[in-house]
Amino acid sequence: NTEGMLPFENMVADYIKETGNHVLYRVTPLFQDDNLVADGVQMEALSVEDDGEGIEFNVYCYNVQPGIAIDYATGENWLAQEGREASSGIEMDYVLNTSSKKFHLPSCSGVSRMSQKNREDYHGTRESLIEQGYEPCSNCQP
């Protein structure tokens, strides 16, 4: 995850190289329901000798990669520009925004910002949603 995790990993590595100090470091994968692939990870770090003055963070990083689409339930993934062909006819879980008529992957950051009254869970094909007038989210590119 080059945009989410890598900056924090590099921060810790640089701190250790520069100071020789120790860092308590923990990365915890977080799964939604019975998904085979983690939706993201919680990353925690605290520099020991200086009690967190050098390094201290507790962040959540979504398991996303630009240009890659992921079916978190099955582990299947594909290049986003190939997504339409690769997902043709495959039933997946989606989250619908009934107000904006956009559909999202369950792990999309837009889902957490969605009003509960506009949210609907859906299991079916991408093509079926498009036929119903929904458009794919430009962020998660389902």
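Rules of the game
Note on numbering: residues in each chain are counted from 1, in written sequence order. Selection of residues for local features in this predicted model requires a pLDDT of at least 70, selection of side-chain atom pairs for listing and counting requires 80 or more, and totals for whole chains, interfaces and linings are taken over all residues. Here the side-chain values reflect all heavy atoms present in the structure, with hydrogen atoms and water set aside. Secondary structure is summarised from DSSP: a helix means a run of H or I of at least four residues, a strand means a run of E of at least two, and numbering begins at the N terminus for each. We compute the radius of gyration over the C-alpha atoms and compare it with the globule rule, which gives 2.2 Å times the number of residues raised to the power 0.38. The contact rule is simple, with two residues in contact once any of their heavy atoms fall within 4.5 Å. Note on areas: Shrake-Rupley, 1.4 Å probe, and residue coverage restricted to the protein chains presented here. Here, patches come from residues exposed beyond 30% relative accessible area and free of salt bridges, joined within 9 Å for like charges and within 5 Å for nonpolar side chains (Val, Leu, Ile, Met, Phe, Trp, Tyr). Any carboxyl oxygen of Asp or Glu within 4 Å of a side-chain nitrogen of Lys or Arg constitutes a salt bridge here. For the exposure calls, accessible area comes from a 1.4 Å probe over protein chains only, and a residue counts as buried if that area is under 20% of its type's maximum, exposed if over 50%, partly exposed in between. Here a polar contact means two N or O atoms within 3.5 Å. Within protein one must be a hydrogen donor candidate and the other an acceptor candidate, and residues neighboring in sequence count only if both atoms are side-chain atoms. Should DSSP find at least two bridges between two strands, the strands are taken to pair. The axes are straight lines fitted to the C-alpha atoms, using for helices just the contacting stretch, and the angles between their N-to-C directions are given from 0 to 180°.

Some words on the overall build of the protein chain
Scanning the protein chain from N- to C-terminus turns up 4 helices and 9 strands. Mapped from its N terminus to its C terminus, the protein chain presents α and β elements in the order α-β-β-β-β-β-α-β-β-α-β-α-β. Taking 2.2 N^0.38 as the reference for a compact globule, 142 residues should give roughly 14 Å; the C-alpha atoms of the protein chain span a radius of gyration of 19 Å, well beyond that estimate. Along the first, second and third principal axes, the C-alpha set of the protein chain runs to 60 × 30 × 25 Å. Once local pairs closer than 6 in sequence are excluded, the contacts in the protein chain between residues at least 24 apart make up 49%. Only carbon and sulfur atoms are counted for the fraction: they give 48% of the accessible area of the protein chain, which is about 8,400 Å².

Let's talk about a nonpolar patch on the surface
A contiguous nonpolar surface patch, about 330 Å² in accessible area, is contributed by Leu30, Tyr60, Tyr62 and Val64. Tracing the backbone shows Tyr62 in strand 3 (residues 56-62). A residue is classified by how much of its surface remains accessible, and Tyr62, at 34% relative accessible area, is partly exposed.

Section: the side chain of Ser47
Its location among the elements puts Ser47 in strand 2 (residues 40-47). Only 2.4 Å separates the side chain of Ser47 from the side chain of Asp50, close enough to count as a polar contact. Filtering out sequence-adjacent residues up to four positions away, Ser47 remains in contact with Tyr15, His22, Val23, Gly52, Glu53, Gly54 and Ile55.

A look at the sheet that holds strand 6 (residues 91-97)
Strand pairing in a sheet is mediated by backbone hydrogen bonds. Such pairs are either parallel or antiparallel. Taking strand neighbours across the sheet as the criterion, the 4 strands line up as 8-6-7-9 in an open arrangement whose pairing is mixed. With one partner strand each, in any of the chains shown, strand 8 (119-125) and strand 9 (135-136) form the two edges of the open sheet. Pairing between strand 6 and strand 7 (residues 102-104): 3 bridges, direction antiparallel. Looking at the pairing, Asn97 lines up with Lys102 of strand 7.

Things to note about the sheet that holds strand 1 (residues 23-30)
Taken together, the 3 strands give an open sheet; going across it, the order is 1-2-3, and neighbouring strands pair in antiparallel fashion. Looking at strand neighbours, the two that pair on one side only are strand 1 and strand 3, the edges of this open sheet. Sheet twist, expressed as the average angle between the axes of neighbouring strands with direction ignored, equals 10 degrees. Taken together, the 7 bridges between strand 2 and strand 3 define a ladder with antiparallel strand orientation. Across the sheet, the residue bridging to Leu46 is Glu56, located in strand 3.

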